[in-house]
Protein chains: 2
Amino acid sequence: MQTLKVELANRSYPIHIGRHLLSDASLILPHLKRKHVAIVTNTTVAPLYLDQLSSSLKAEGVTVIQIILPDGEAYKNSETLNIIYDALLQNRCERSTTLIALGGGVIGDLTGYAAATYLRGVPFIQVPTTLLSQVDSSVGGKTGINHPLGKNMIGAFYQPQLVLADIDTLQTLPPREFSAGVAEVIKYGLIRDADFFDWLETNMTSLMQLDEQVLSYAIYHSCQNKADVVAKDEHEQGERALLNLGHTFGHAIENAMGYGVWLHGEAVAAGTVMAADLSQRMGWLSDHDVTRIKSSFEGANLPIKPPSLGVEKYLDLMSLDKKVENGKIRLILQQGIGKSVITSDYDAEKLKETLAV
Amino acid sequence: MQTLKVELANRSYPIHIGRHLLSDASLILPHLKRKHVAIVTNTTVAPLYLDQLSSSLKAEGVTVIQIILPDGEAYKNSETLNIIYDALLQNRCERSTTLIALGGGVIGDLTGYAAATYLRGVPFIQVPTTLLSQVDSSVGGKTGINHPLGKNMIGAFYQPQLVLADIDTLQTLPPREFSAGVAEVIKYGLIRDADFFDWLETNMTSLMQLDEQVLSYAIYHSCQNKADVVAKDEHEQGERALLNLGHTFGHAIENAMGYGVWLHGEAVAAGTVMAADLSQRMGWLSDHDVTRIKSSFEGANLPIKPPSLGVEKYLDLMSLDKKVENGKIRLILQQGIGKSVITSDYDAEKLKETLAV
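Note that residues are indexed from 1 along each chain, following the sequence as it is written. For naming, the first written chain is A and the first written ligand is 1, with later ones following in the order written. It should be noted that, the model being predicted, local features are given only for residues of pLDDT at least 70 and side-chain atom pairs only at 80 or more, the latter also being counted only at that level, while totals for whole chains, interfaces and linings use all residues. Side-chain metrics rest on all non-hydrogen atoms present in the structure, leaving aside hydrogens and water.

The name given to chain A in an unreviewed UniProt entry is 3-dehydroquinate synthase, and the organism recorded there is Methylotenera versatilis. UniProt's Function (unreviewed entry) comment on chain A is quoted here verbatim: "Catalyzes the conversion of 3-deoxy-D-arabino-heptulosonate 7-phosphate (DAHP) to dehydroquinate (DHQ)." UniProt positions are given in the numbering used here, feature names are shortened, and annotations may be inferred rather than shown by experiment.

Caption draft 1: How the structure looks around unusual backbone geometry. The residue Leu119(A) is not glycine, and still its phi comes out positive at about 55°. Classification of Leu119(A) by relative accessible area gives buried; the value is 3%. With phi around 60°, His20(B) is a residue other than glycine that occupies positive phi space. Structurally, His20(B) is set in the loop between strand S2 (13-18) and strand S3 (36-42). Per-residue accessibility, obtained with a 1.4 Å probe over protein chains only, is compared with the maximum for each type, and a residue is labelled buried under 20%, exposed over 50%, and partly exposed between these values. Only DSSP runs of H or I reaching four residues or more are called helices, and only runs of E reaching two or more are called strands; each is numbered from the N terminus.

Caption draft 2: Structural detail: the environment of Gln334(B). Residues and elements named next belong to chain B. Among the structural elements, Gln334 can be located in strand S10 (residues 331-334). Taking the C-alpha atoms as reference points, Gln334 and Met282, 52 residues apart in sequence, are found 9.8 Å from one another. With sequence-adjacent residues up to four places away left out, Gln334 is seen in contact with Leu190, Leu245, Ser279, Trp284, Leu285, Lys339 and Ser340. Distance and chemistry together define a polar contact, namely a pair of N or O atoms within 3.5 Å, with one atom able to donate a hydrogen and the other to accept it when in protein, and with adjacent residues in sequence counting only for side-chain atoms on both sides. A polar side-chain atom of Gln334 sits 2.5 Å from a polar atom in the side chain of Ser340. Note on contacts: a residue pair qualifies if any of its non-hydrogen atoms lie within 4.5 Å across the two residues.

Caption draft 3: Seen up close, the relation of the copies chain A and chain B. When chain A is fitted onto chain B, the two copies agree to an RMSD of 0.0 Å after a turn of 180° and an axial shift of 0.0 Å. When the rotation and shift are considered jointly, the pair of chain copies conforms to a two-fold rotation axis. Interface overlap between copies: 100% of the residues of chain A at the interface are likewise at the interface in chain B, consistent with a symmetric, same-surface contact. The copies were overlaid with a least-squares fit restricted to C-alpha atoms from residues scoring a pLDDT of at least 70 in each copy.

Caption draft 4: Expanded view of the pairing of S2(B). All names here are of chain B. The element S2 is largely enclosed, with a buried count of six among its six residues. Side chains Tyr13, Ile15 and Ile17 of S2 all project onto a buried face; the interleaved residues Pro14, His16 and Gly18 project onto the opposite face, where all are buried too. The pairing criterion for strands is at least two bridges between them, as found by DSSP. Counting the residues in the hairpin turn of strand S1 (residues 2-6) and S2 gives six residues, including Ala9, whose phi is positive at 50°. Pairing of S2 with strand S9 (residues 162-166), which is carried by four bridges, proceeds in the parallel orientation. Directly across from His16, in S9, lies its bridge partner Leu164.

Caption draft 5: Quick look at the pattern of salt bridges. The salt bridge criterion pairs a side-chain nitrogen of Lys or Arg with a carboxyl oxygen of Asp or Glu, the two atoms within 4 Å. In this structure the tally under the stated criterion is 49 salt bridges over all chains. Across the pair Lys187(A) and Asp136(A) runs a salt bridge whose closest N-O atoms are separated by 3.3 Å. Residue Lys187(A) is found in helix H5 (residues 175-192), and its partner Asp136(A) is found in helix H4 (residues 131-137); the two are separated by 51 residues along the sequence. For the pair shown, Lys187(A) and Asp136(A) are each scored as buried. Glu254(B) is the salt-bridge partner of Lys151(B), the closest N and O atoms lying 3.2 Å from each other.

Caption draft 6: Looking closely at the pairing of strand S11 (residues 340-343) of chain A. Residue and element names in this part refer to chain A. Pairing geometry for strand S10 (residues 331-334) and S11, over four bridges, is antiparallel. Pairing of Ile332 across the sheet is with Ile342, part of S11. Adjacent in sequence and paired antiparallel, S10 and S11 are bridged by five residues, among which Gly336 carries a positive phi angle near 120°.

Caption draft 7: Summary view of the interface of chain A and chain B. Counting from both sides, the interface comprises 35 residues of chain A and, opposite them, 35 residues of chain B. Here the buried area means the combined drop in accessible surface, using a 1.4 Å probe, for two parts upon being joined, counting both sides. Both sides together, the interface formed by chain A and chain B hides about 3,300 Å², and carbon and sulfur atoms give 51% of it. At the surface where chain A touches chain B, the tally comes to four salt bridges. Among the ionic pairs, Asp316(B) bridges to Arg92(A), the shortest N-O distance being 3.2 Å. Between chain A and chain B we count 12 residue pairs in polar contact (both at pLDDT 80 or more) in total. For the side of chain A that touches chain B, the secondary-structure elements that each account for two or more residues are helix H2 (78-90), helix H3 (105-117), strand S7 (142-147) and strand S8 (150-157) of chain A. The nonpolar class holds Ala, Val, Leu, Ile, Met, Phe, Trp, Tyr, Cys and Pro. Asp, Glu, Lys and Arg form the charged class, and all remaining residues, Gly among them, are polar. Counted by class, the side of chain A that touches chain B contains 13 nonpolar, 11 polar and 11 charged residues.

Caption draft 8: Structural detail: the domain arrangement of chain A. Residue and element names in this part refer to chain A. Each domain's limits were defined by an automated method or a database of domain assignments. Structurally, chain A comprises domain 1 (2-171) and domain 2 (175-355). The C-alpha-based centres of domain 1 and domain 2 are spaced at 26 Å. Across the domain 1 to domain 2 interface the summed buried area is about 3,100 Å²; carbon plus sulfur atoms make up 64%. Of all residues in domain 1, Leu131, Val135 and Lys151 give up the largest surface area on contact with domain 2, accounting jointly for 20% of the area buried on that side. Taken together, the links from domain 1 to domain 2 amount to six salt bridges. Asp136 serves as the salt-bridge partner of Lys226, at 2.5 Å between the closest nitrogen and oxygen. Run the count over domain 1 and domain 2 and you get 10 residue pairs in polar contact (both at pLDDT 80 or more). Elements represented by at least two residues in the side of domain 1 that touches domain 2 include exactly strand S1 (2-6), strand S2 (13-18), H4, S7 and S8.

Caption draft 9: The packing of helix H11 (residues 311-318) of chain B against helix H12 (residues 348-355) of chain B, seen in detail. Residue and element names in this part refer to chain B. Think of each axis as a best-fit line through the C-alpha atoms, taken over the contacting stretch in the case of a helix, with angles from 0 to 180 degrees between the N-to-C directions. Contact geometry of H11 with H12 gives a least axis separation of 9 Å together with a crossing angle of 115°. Relative to H12, H11 is oriented roughly perpendicular. Remark: the crossing between H11 and H12 carries right-handed chirality. Counted together, Val311, Tyr314, Leu315 and Met318 of H11 and Leu351, Lys352 and Leu355 of H12 form the full contact between these two elements. Its residues assigned to classes, the contact of H11 with H12 comprises six nonpolar, no polar and one charged. Working rule for angles: under 35 degrees goes down as roughly parallel, over 145 as roughly antiparallel, 65 to 115 as roughly perpendicular, anything else as oblique. For any pair of crossing helices, the crossing counts as left-handed if the nearer helix is rotated counterclockwise from the farther one by less than a right angle, and right-handed if it is rotated clockwise.

Caption draft 10: A look at the UniProt feature "domain: 3-dehydroquinate synthase N-terminal" (unreviewed entry) in chain A. UniProt's entry tags residues 67-179 of chain A with the feature "domain: 3-dehydroquinate synthase N-terminal" (unreviewed entry), counted in the numbering of this structure. Secondary structure content for residues 67-179 of chain A is 34% helix and 29% strand, while the C-alpha to C-alpha distance between its ends is 28 Å.

Caption draft 11: Quick look at the packing of helix H9 (residues 264-281) of chain A against helix H12 (residues 348-355) of chain A. Residues and elements named next belong to chain A. It is the contact of H9 with H12, at a shortest axis distance of 9 Å, that shows an interaxial angle of 140°. With respect to H12, the element H9 is oriented oblique. H12 is crossed by H9, and the crossing has right-handed handedness. For the pair H9 and H12, the contacting residues are Met274, Asp277, Leu278 and Arg281 in the first and Lys350, Leu351, Glu353, Thr354 and Leu355 in the second. Of the residues contributing to the contact of H9 with H12, the split by class is four nonpolar, one polar and four charged.

See below:
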């Protein structure tokens, strides 16, 4: 097991990465205020891992409440959130009850947001079971739900007590979802870690085969990059926005196609290619680097061609982005591999060319 | 105008108390990140004060979006919250948009919670127009909504940028609501300020007549007490819980009778008398002090006799309280005028005697 720490003063917390973590209650017990937890998971993950986690906690005398939600991005909304609230209240959960998110990004975001807002805040623990949530969404405290008019529009910054990334759970992850997670792994290389990008180019085949050493290295270095950024800029006043590379385009794709039709990581991959395309049109990125970026996504079986929505539709949906300032869409663009910038200083006409796919 | 400050490091903020503040945009302008605000108010307050506040801001070039909600505690729920979110999204409000709560405690709690969660947090300003919100709910950052199973069960600690308490607005406040606010004023005397309680006994008649000097003094000293407590214990880990004197009983009354049937302050008054009754049964409070407490509420035309719900119903509803720990109801009780304690160390049988009203 490897451990790293997200440094946030009195809200710092560890991330454990390794095998057999789900059945090791001793990793969780020191973080409980009281031996009383509510595990939130979904109908897909529950049959696979809920009993393993529950049993290990119950064996240590922990009372475990189970909340099983429908699976999918389409359920990341206020109705599903209310299912959690109702269950917590019906079971008389208190401020000392710890919520445990067992699942992917949707479960983590929903559970974290429920924890941020139930009784004005209760502790929670992330147990991510997908690659995407292990390398990205479970770390850093972004929680929230979608609104019919936009993704992640409602939420809170709320840090967990602990993240447990058990790589054994990736064995049951559908290949398409594994690929979607790799999109965020590649992202870290592109925005701030050229060496990691080089390493990924070399090791992509082994990563896609779930080679244990390669997988651990990829997850550890992804979390390390994420933790560094979050420690410097928890509330996204600056550098943290770079983590949204490809996301402004990607959110427009997800929203237009209907949440869950494109997986988040797929939309981010196509969106990152769009960001690279605009960067190249601006003269900031070489043809060679654009090709490297596309190849890395293709190596992970990710889409590099965005859907043809029409320029106006793209602009309209992108203007909903949380990074919009004074009506101007700010974008994360590339100035080389390993160097992203957030800027509104791009040519609006060239953006339209990029969007005219 | 008098000003005091809530000291919370980089989240400190001023409270201005005085006359003619609503039409003085210069008090608000320095707190805006951008000249773009959304004023949230209700159908009762809008015809009285919305134009005054909007006009003064528009005259300074501020874009003003108006969101008018139905009036009443019964609307402090997720449906009404969604009305705010929808309006913010439809009007493309950004992270630099400031929400302004213009109204009483319900508007302040709803707007503050919307601000805490829209785009994971946008700035907000409290402009309380009732006595209760001026002396209590607008200060300290407690925001939230009710759940069918309990009051304020969903929420966040989220501090405003500024509180503007314009005492002119109290001229249009129905007498019953004014009285409800006085319940919280009396509370500050009871929990931590015996001199203030003495002063209130002497000046209650003038206060009820809205004498300007007396009113200002009462609001200023209430806010000062609240600000002191919040600065020491923002997230209610300890002393802040004392501000809930009478509230565990009171919330049970509000919940049982249906939100809005008893006003919050009325339920707090009757609940505080119940807390005094139990304190006296425990031998912690003299008969004389119980009489003084009852007289002060009566002087403010507040109810001192709680409804007869039955002991079991009371216990059941009180066990929903956020202060419950390991299943035990913790209560705020009196050890004299000006001295409250939070304790689970009371005689359960005596509590039942108190509840058998």
